[in-house]
Amino acid sequence: MTIDDLKQYLIWWYEGDETNQDRLDLLKKQKENALNEMKQIQEGIDMLDYKIDVYTKRVLGN
């Protein structure tokens, strides 16, 4: 969550229950962003695993 998002969340929190939908939407957006980052990280890990496998086979002569 960006600093600006966190500030906005706190503003809404202090404003009370009438901002529950706004806070819920912000949290859902943050979750979506986090899931996208996890996907990108996993893709990077998968590529590293592939490269490690390729070079392991080359080094071991298999």
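Refer to the structure presented above.
Read on for a plain summary of the structure. (Residues numbered from 1 in each chain as written. Predicted model: local features only at pLDDT ≥ 70, side-chain atom pairs only at ≥ 80, totals over all residues. Heavy atoms only, no water.)

1. Regarding the packing of helix 1 (residues 3–15) against helix 2 (residues 20–60)
For the pair helix 1 and helix 2, interaxial distance at closest approach is 10 Å and the crossing angle is 155°. When the axes of helix 1 and helix 2 are compared, the pair comes out roughly antiparallel. The two elements helix 1 and helix 2 cross, and the hand of that crossing is left-handed. Facing helix 1, whose interface residues are D5, Y9, W12 and W13, helix 2 presents D22, R23, L26, L27 and K29. (Axes fitted to C-alpha atoms, helices over the stretch in contact; angles between N-to-C directions. Helix = DSSP H or I, 4+ residues; strand = E, 2+ residues; numbered from the N terminus. Parallel < 35°, antiparallel > 145°, perpendicular 65-115°, else oblique. Left-handed = near helix turned anticlockwise from the far one by under 90°. Contact = heavy atoms within 4.5 Å.)

2. As for the environment of K57
Among the structural elements, K57 can be located in helix 2. Between the C-alpha atoms of K57 and M1, which are 56 residues apart in sequence, the distance is 41 Å.

3. Here's the deal with the pattern of salt bridges
Where charged atoms from two side chains of opposite charge come close, those side chains can pair. If you walk through the whole model with that rule in mind, you get 2 salt bridges. D5 serves as the salt-bridge partner of K29, at 3.6 Å between the closest nitrogen and oxygen. Of the two residues, K29 sits in helix 2 while D5 sits in helix 1, which places them 24 residues apart along the sequence. In this structure D5 comes out as buried when scored by relative accessible area, which is 17%. Salt-bridge contacts for K57 lead to D53; the nearest nitrogen and oxygen are separated by 3.3 Å. Of the two residues, K57 and D53 are both situated in helix 2; the distance of 4 residues between them amounts to about one turn of the helix. (Salt bridge = Lys/Arg side-chain N within 4 Å of Asp/Glu carboxyl O. Buried < 20%, exposed > 50% of the residue type's maximum accessible area, 1.4 Å probe, protein only.)

Just geometry here; none of it tells us what the structure is for.
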